[in-house]
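# Descriptive analysis of the structure
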Amino acid sequence: LFKRLGLPKWTIAKSVEKYIEAAVRLADIHEERFKLQKQLISSNNLNKLYEGRPEILGEEILKILTKTSTLI
């Protein structure tokens, strides 16, 4: 989703540690957080989330939930 929104690569966490780093960076650096906010608002990228087949996200979540419930 973040890639589709055009957010920088550092906002896409591939581990818990990277997620914490990105969250702290956003919390600590107001200018960067404000820049990303302005980018999201002005670019109208939020509409990109609904292009194509937005139901794919729901299908993927359903697969994960189904797999998890069979493991229990």
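Whatever comes next refers back to the structure up there.
Right, let's walk through the structure included here. (Residues numbered from 1 in each chain as written. Predicted model: local features only at pLDDT ≥ 70, side-chain atom pairs only at ≥ 80, totals over all residues. Heavy atoms only, no water.)

### Digging into the overall build of the protein chain
We apply this condition: Secondary structure is summarised from DSSP: a helix means a run of H or I of at least four residues, a strand means a run of E of at least two, and numbering begins at the N terminus for each. Radius of gyration here is computed from C-alpha atoms only, and the compact-globule reference equals 2.2 Å multiplied by the residue count raised to the power 0.38. Contact criterion: two residues are considered in contact whenever any of their non-hydrogen atoms come within 4.5 Å of each other. To be clear on the numbers: accessible area is Shrake-Rupley with a 1.4 Å probe, and residue cover counts the displayed protein chains and nothing else. Positive residues here are Lys and Arg, negative ones are Asp and Glu, while His and the chain termini are left out of the count. Charge positions are represented by NZ for Lys, CZ for Arg, CG for Asp and CD for Glu.
Helices and strands together make up the secondary structure of the protein chain, namely three helices and zero strands. Going residue by residue from the N terminus, the α and β elements of the protein chain occur as α-α-α. Its C-alpha radius of gyration of 16 Å places the protein chain more than 25% over the 11 Å reference for a compact globule of 72 residues. Referenced to the eigenvectors of the C-alpha coordinate spread, the extents of the protein chain come out at roughly 45 × 30 × 15 Å. Looking at the protein chain alone, contacts between residues at least 24 apart form 56% of all its contacts between residues at least 6 apart. In the structure as shown, the protein chain presents an accessible area of about 6,300 Å², 64% of it carried by carbon and sulfur atoms. Looking at charge distribution, the protein chain has the averaged site of its 13 positive side-chain charges lying 5 Å from that of its 9 negative ones.

### Overview of the packing of aromatic side chains
How we decide: Classification of ring pairs uses Phe, Tyr and Trp, with its six-membered ring standing for Trp, and accepts pairs whose centres are within 6.5 Å; under 30 degrees between planes counts as stacked, over 60 as edge-to-face, and the remaining range as tilted. Lysine and arginine charges are scored as sitting over a ring when NZ or CZ, respectively, is within 6 Å of the ring centre and within 35 degrees of the ring normal.
Tallied over the entire structure, the rule returns zero aromatic pairs. The ring of W10 has R25 sitting right over it, with the charged end atom 3.7 Å from the ring centre.

### Here's the deal with the pattern of salt bridges
Note the following rule: The salt bridge criterion pairs a side-chain nitrogen of Lys or Arg with a carboxyl oxygen of Asp or Glu, the two atoms within 4 Å. Burial classes: relative accessible area under 20% of the type maximum marks a residue as buried, over 50% as exposed, and values in between as partly exposed (1.4 Å probe, protein chains only).
Within the structure shown, the criterion is met by five salt bridges. E32 serves as the salt-bridge partner of R25, at 2.7 Å between the closest nitrogen and oxygen. With a relative accessible area of 30%, R25 lands in the partly exposed category. Among the ionic pairs, R53 bridges to E55, the shortest N-O distance being 2.8 Å. For R53, a relative accessible area of 44% puts it in the partly exposed group.

### A closer look at helix α2 (residues 30-43)
Note the following rule: The length a helix should cover is 1.5 Å for every residue beyond the first.
A rise of 1.5 Å per residue sets the reference length of α2, with its 14 residues, at 20 Å; its end C-alpha atoms lie 20 Å apart and thus fit the reference within 8%. Looking one or two residues past α2, N44 carries a phi angle of roughly 60°, positive in sign.

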